[in-house]
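What follows is the residue order along each chain.
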Amino acid sequence: MKNCIFCKIVCKEIKADIVAETNNSIAFKDINPQAKFHILIIPKIHIKSTVDICQHNIHLLSDIILLSNQISKSTKIISNGYRWVFNTGKDGGQTVDHLHMHLIGGQPLNWSPA
Ligand code: 5GP
Ligand code: ZN
């Protein structure tokens, strides 16, 4: 989609530190990491948020989760655990309107989301 930063990362119009990818998903380092390890995993097609997940595209969510597991199994720094985060909409703190899963870890994480 035009004017979407993450679509531009998918088509390599904007540079990103890509960690792994499948035919449907791409994982890259967050530009403003909140922990020692912080990557984003996104579908290659533009889906606005979790609200738009439906029976026609649910397989893309599976793909994201499987890619995350592939990464976490081969990344020592998150062998003690990690957190998956999906922020949705204004109240959910979503700042980029292209569905993304945060994979965060590499240190003990605090829990005070609200
Ligand atoms: P949200 O707040 O929408 O859940 O997460 C958006 C994330 O995208 C933020 O953690 C932010 O640091 C990251 N981000 C925003 N723009 C870019 C960019 O151009 N490149 C990369 N690698 N990450 C970005
Ligand atoms: Zn997009």
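Check the entry above for the structure.
Residues numbered from 1 in each chain as written. Chains lettered and ligands numbered in written order. Predicted model: local features only at pLDDT ≥ 70, side-chain atom pairs only at ≥ 80, totals over all residues. Heavy atoms only, no water.

Participant: Whenever I open this one, the sheet that holds strand 4 (residues 82–85) confuses me. Can you help?
Facilitator: The strands that make up a sheet pair up through hydrogen bonds in the backbone, lying either parallel or antiparallel. Taken together, the five strands give an open sheet; going across it, the order is 1-2-3-5-4, and neighbouring strands pair in antiparallel fashion. Across the chains shown, the open sheet's two edge strands, defined by having one partner strand only, are strand 1 (18–21) and strand 4. Between one strand and the next, the sheet's axes are offset by a mean angle of 20°, whatever the strand orientation. Examined bridge by bridge, strand 2 (residues 25–29) and strand 3 (residues 37–43) share five bridges and lie antiparallel to one another. Residue pairing across strands places Phe 28 opposite Leu 40, the latter belonging to strand 3. Set on the sheet, helix 2 (residues 58–73) makes contact with strand 1, strand 2, strand 3, strand 4 and strand 5 (101–105); between it and strand 3 the angle comes to about 150°. (Pairing = 2+ DSSP bridges. Helix = DSSP H or I, 4+ residues; strand = E, 2+ residues; numbered from the N terminus. Axes fitted to C-alpha atoms, helices over the stretch in contact; angles between N-to-C directions. Contact = heavy atoms within 4.5 Å.)

Participant: Even after reading the chapter, I still don't get the site of ligand 1, so can you show me in this structure?
Facilitator: For ligand 1, the set of nearby residues contains 16 residues, the closest of which are Lys 29, Asp 30, Asn 87, Thr 95 and His 102. Between ligand 1 and the protein, one listed contact pairs an oxygen atom with a side-chain N or O atom of Asn 87 at 2.8 Å. At a separation of 2.9 Å, an oxygen atom of ligand 1 approaches a polar side-chain atom of His 100. For ligand 1, whose unbound accessible area comes to 520 Å², protein coverage reaches 84%. For the shell around ligand 1, the elements supplying multiple residues, two or more each, are helix 1 (5–10) and strand 2. Here the shell around ligand 1 gets three residues from one element, more than from any other, and that element is helix 1. (Near = heavy atom within 4 Å. Polar contact = N/O pair within 3.5 Å; in protein donor to acceptor, adjacent residues only side chain to side chain. Areas by Shrake-Rupley, 256 points an atom, 1.4 Å probe, with all protein chains shown as cover.)

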